[in-house]
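In case you want the letters, here they are:
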Amino acid sequence: MTVLSSPNFNYGYSTPGQQELNSQDIMNHVFFLSPSEWKKTREEKQFDYIVIGSGFCALGFIERVLKKDDNARILLIERGSFFLPEHVQNLPNSYQKLLLKQALKTFPWTLSSKTLNLNKYIKWQHGIIPFFGGASTLWSAWCPEPTTEEMNGWPQATIKAAQDYFKTAKMLLNVVGANHEETGNIFDHWQNQLTERLKQNLQDIKSATRVEHAQIAVGTPTITSTDVEKFSTPGPLLDQVIKCQEEAKKRQIDSRLSIVTECIVTRIWQQENQATALETTRGVVNVGDIDTPRPLRTGILTSTSCLA
Ligand SMILES: Cc1cc2nc3c(=O)[nH]c(=O)nc-3n(C[C@H](O)[C@H](O)[C@H](O)COP(=O)(O)OP(=O)(O)OC[C@H]3O[C@@H](n4cnc5c(N)ncnc54)[C@H](O)[C@@H]3O)c2cc1C
């Protein structure tokens, strides 16, 4: 028990004791499921959706589901702990240098020799960022919208999905052009010069199709300083948790969005193509009435998955 979690100890223990509070405890207390809540959740609760991983696919999915149905019950399971509330590049320089040097990544796979020899360009792959927020805390935030011609060779369903959803995805991630006037023209003079030069010499780059100002996902759509604040999912995901908690308090129900961290999903059990349970490092989760597992993934590897 922590000082924070009990009204009787709100202003301190009656006698001084061992001080055990740590940052994960605080996050569990405010945003995530504590060990006792997780036990109760596994033993008693039912969900309409279970999302594995807390990257921006998870954020997009959760936002969309709750917009359509604010009664939907969602469980998000993240393997990592809470590490950063925002993008690494929004932190002071000293942190950036340390953290960007691979320190954040793990590589729970290896490239097969077949893949390695298939294509001389694929020699390595980014690792996963196994913390709350996933790769969004480290990504470059570059979001160019491909034209239909540029997606030549992609499956029709992917092209259609891009046409249908790119605009809403850009709104979710606060994508702006680096020359955007309202954002104070992030890279200013330099950006315009670069774009102009590229335009003049486009024919020299064989694979290039067009030139545009870099489209980047930013922390807030209104940028007030010369520094670009980059987008990452921890902030918006935690906002969703707060919104759900406030709504639950008003309606005197349990919060519709529950997040558990430090919990690795190791196996999806199924019977006759129906997922029945998730095996995790913190015990088995009953999948209940959720009927169709639908993996969501943006990378070659299954980085985020979702049971819906
Ligand atoms: C350095 C870098 C730069 C990039 N730059 C760009 C860019 O400019 N533009 C662009 O579009 N993309 C870029 N990307 C790619 C982009 O970041 C990813 O495609 C995107 O973030 C993936 O989102 P996601 O939600 O699918 O998964 P992720 O963000 O990878 O999230 C997956 C989450 O799932 C958790 N997880 C995984 N397995 C389990 C499990 N078994 N149980 C529980 N939890 C699990 C992980 O801990 C992680 O939090 C970049 C990536 C990197 C690393």
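Right above here is the structure, for reference.
Residues numbered from 1 in each chain as written. Predicted model: local features only at pLDDT ≥ 70, side-chain atom pairs only at ≥ 80, totals over all residues. Heavy atoms only, no water.

Turning to the overall build of the protein, a few remarks are in order. The helix and strand inventory of the protein stands at eight helices and nine strands. Out of the 308 residues in the protein, the part that is buried amounts to 35%. When the accessible area of the protein is evaluated, it comes to approximately 19,500 Å², of which 53% is carbon and sulfur surface. (Helix = DSSP H or I, 4+ residues; strand = E, 2+ residues; numbered from the N terminus. Buried < 20%, exposed > 50% of the residue type's maximum accessible area, 1.4 Å probe, protein only. Areas by Shrake-Rupley, 256 points an atom, 1.4 Å probe, with all protein chains shown as cover.)

Turning next to the site of the ligand. Around the ligand sit 27 residues in total, of which Glu78, Ala135, Ser140, Trp142 and Val265 are the nearest. Here an oxygen atom of the ligand sits 2.6 Å away from a polar atom, N or O, in the side chain of glutamate 78. Here an oxygen atom of the ligand and a backbone polar atom of phenylalanine 131 are 3.1 Å apart. Bound to the protein, the ligand loses 82% of the 1,000 Å² it would expose on its own. The residue makeup of the shell around the ligand, split by class, is 15 nonpolar, ten polar and two charged. (Near = heavy atom within 4 Å. Polar contact = N/O pair within 3.5 Å; in protein donor to acceptor, adjacent residues only side chain to side chain. Nonpolar A, V, L, I, M, F, W, Y, C, P; charged D, E, K, R; others polar.)

Secondary-structure assignment places asparagine 28 in helix α1 (residues 23-30). For asparagine 28, a relative accessible area of 10% gives the class buried. In this structure, asparagine 28 is in contact with Leu33, Ser34, Glu37 and Thr261, ignoring residues within four places of it in sequence. (Contact = heavy atoms within 4.5 Å.)

Our focus in this paragraph is the nonpolar core. Judged by nonpolar contacts, the single largest core of 28 residues is most densely connected at Phe32, Ile62 and Ala217. Listing elements by their share of this core, those giving two or more residues are α3 (56-68), β2 (74-77), α8 (234-251) and β5 (257-260). Ranked by residues supplied to this core, first place goes to α3 with six residues. Leave out the neighbours within four places in its chain, and isoleucine 62 touches Val51, Ile74, Leu76, Leu237 and Leu257. Leu33, Ile50, Leu278 and Val285 belong to the second-largest nonpolar core, a separate cluster that totals 13 residues. (Core = buried A, V, L, I, M, F, W, Y, C linked by side-chain atoms within 4.5 Å.)

This model, assessed by the stated rule, comprises six aromatic pairs. Look at phenylalanine 83 and phenylalanine 131: their rings are 4.6 Å apart centre to centre, the planes differ by 25°, and that puts the pair in the stacked class. Of the two residues, phenylalanine 83 sits in the loop between β2 and α4 (93-103) while phenylalanine 131 sits in the loop between α5 (113-118) and α6 (156-172), which places them 48 residues apart along the sequence. In textbook terms, an aromatic cluster arises when at least three aromatic residues are bridged by ring pairs, as seen for Phe32, Phe82 and Phe132. The lysine or arginine in question, arginine 267, covers the ring of tryptophan 269, its NZ or CZ lying 4.4 Å from the ring centre. (Phe/Tyr/Trp six-rings, centres within 6.5 Å; stacked < 30°, edge-to-face > 60°. Lys NZ or Arg CZ within 6 Å of the ring centre and 35° of its normal.)

We now examine the packing of α3 against α8. The relative placement of two packed helices is expressed as an angle between their axes plus a distance between the axes. Close contact between α3 and α8 brings their axes to 10 Å; oriented N to C, the two are set at 30°. The orientation of α3 with respect to α8, classified from their angle, is roughly parallel. Crossing angle aside, the handedness with which α3 passes α8 is left-handed. Facing α3, whose interface residues are Leu59, Ile62, Glu63 and Leu66, α8 presents Pro236, Leu237, Gln240 and Cys244. Class assignment for the residues of the contact of α3 with α8 results in six nonpolar, one polar and one charged. (Axes fitted to C-alpha atoms, helices over the stretch in contact; angles between N-to-C directions. Parallel < 35°, antiparallel > 145°, perpendicular 65-115°, else oblique. Left-handed = near helix turned anticlockwise from the far one by under 90°.)

Turning our eyes to something else, we now look at the sheet that holds strand β7 (residues 274-280). Read across the open sheet, the three strands follow the order β6-β7-β8; overall the sheet is antiparallel. A single partner strand is all that each edge strand has here, and the edge strands are β6 (265-271) and β8 (283-286). Direction aside, the axes of adjacent strands within the sheet are offset by 25° on average. (Pairing = 2+ DSSP bridges.)

On the surface, Arg64, Lys67, Lys68 and Lys243 cluster together into a positively charged patch. Counting residues per element, the positive patch draws most heavily on α3, which supplies three residues. Looking at lysine 68, the relative accessible area reads 72%, which means it is exposed. (Patch = residues over 30% accessible without salt bridge, like charges linked within 9 Å, V, L, I, M, F, W, Y side chains within 5 Å. Salt bridge = Lys/Arg side-chain N within 4 Å of Asp/Glu carboxyl O. Lys, Arg positive; Asp, Glu negative; His and termini not counted. Charge placed at Lys NZ, Arg CZ, Asp CG, Glu CD.)

Bridge count for β7 against β8 is four bridges, and the pairing is antiparallel. Paired with glutamate 279 across the two strands is valine 284, which belongs to β8. Hairpin connection of β7 to β8: two residues between the antiparallel strands.

A few words now on a nonpolar patch on the surface. A contiguous nonpolar patch, built from Trp190, Leu194, Leu198 and Ile205 and spanning about 380 Å² of accessible area, is present on the exposed surface. Locating leucine 198 in the fold gives a position in helix α7 (residues 188-200). Judged by its relative accessible area of 36%, leucine 198 is partly exposed.

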